[in-house]
Amino acid sequence: MSKMGKYCKAYLLKQFRQFDGWKENTDNIKKDTQEVDGETVEVIQKLTDDDVLYLQENYFVTDGIYKDENIIFENVTDEWKEFCNQVLEFEIPSRGLAC
């Protein structure tokens, strides 16, 4: 069952790509369904700079609001946290709002 965290914040992918250590796990991109030759098939989407991804309270980046699904980035280091806090101005509110 999917887990929703206490807080996440949406950013454009181009903002995450500014981080020197950014590496996308493209295997975890949400799949879309399309009809091809009368059959419904899953199609892997390609991420673009203008796609919205979610920075979770644990500093993972996901393709959706659930913190344990479609994880695109999970290499949490001190440098990553500093980038998120200083460049992206990511701050978890003291009240812990839900995403």
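Notes on the structure follow. Predicted, not measured: the structure shown is a model, and the values here were computed from it. (Residues numbered from 1 in each chain as written. Predicted model: local features only at pLDDT ≥ 70, side-chain atom pairs only at ≥ 80, totals over all residues. Heavy atoms only, no water.)

**Describing the nonpolar core**
Core analysis: the biggest nonpolar cluster contains 19 residues, and Phe16, Trp22, Leu55, Val61 and Trp80 have the highest contact counts within it. Listing elements by their share of this core, those giving two or more residues are helix H1 (13-16), strand S4 (52-56), strand S6 (71-73) and helix H2 (78-87). In terms of residues, this core owes the most to one element, H2, which gives 3 residues. (Core = buried A, V, L, I, M, F, W, Y, C linked by side-chain atoms within 4.5 Å. Buried < 20%, exposed > 50% of the residue type's maximum accessible area, 1.4 Å probe, protein only. Helix = DSSP H or I, 4+ residues; strand = E, 2+ residues; numbered from the N terminus.)

**A few points about the pattern of salt bridges**
With the rule as written, the count across this model stands at 4 salt bridges. Taking the shortest distance from any N to any O, the salt bridge between Asp50 and Lys14 comes out at 3.4 Å. Here Asp50 is found in the loop between strand S3 (39-44) and S4, whereas its partner Lys14 is found in helix H1, with 36 residues between them in sequence. Here Lys67 makes a salt bridge to Glu57, at a shortest N to O gap of 3.4 Å. Of this pair, Lys67 sits in the loop between strand S5 (61-62) and S6 while Glu57 sits in the loop between S4 and S5, placing them 10 residues apart in sequence. Residue class for Lys67 comes out partly exposed when judged on its relative accessible area of 26%. For Glu57, a relative accessible area of 22% corresponds to the partly exposed category. (Salt bridge = Lys/Arg side-chain N within 4 Å of Asp/Glu carboxyl O.)

**Quick look at the packing of aromatic side chains**
Applying the stated criterion across every chain yields a total of 12 aromatic pairs. Ring centres of Phe19 and Phe73 lie 6.4 Å apart, and the angle between their planes is 85 degrees; on these two criteria the pair is classed as edge-to-face. Here Phe73 lies in strand S6 and Phe19 lies in the loop between H1 and strand S2 (31-36), a separation of 54 residues in the sequence. For the residue pair Phe19 and Phe73, the accessibility class agrees, reading buried in each case. Pairing Phe73 with Trp80 gives two aromatic rings, centres 4.5 Å apart and planes at 50 degrees, and the pair type is tilted. Accessibility expressed as a relative area gives 2% for Phe73, which makes it buried. For Trp80, a relative accessible area of 0% corresponds to the buried category. Joined through ring pairs, the aromatic side chains of Tyr11, Phe16, Phe19, Trp22, Phe73, Trp80 and Phe83 make up one cluster. (Phe/Tyr/Trp six-rings, centres within 6.5 Å; stacked < 30°, edge-to-face > 60°.)

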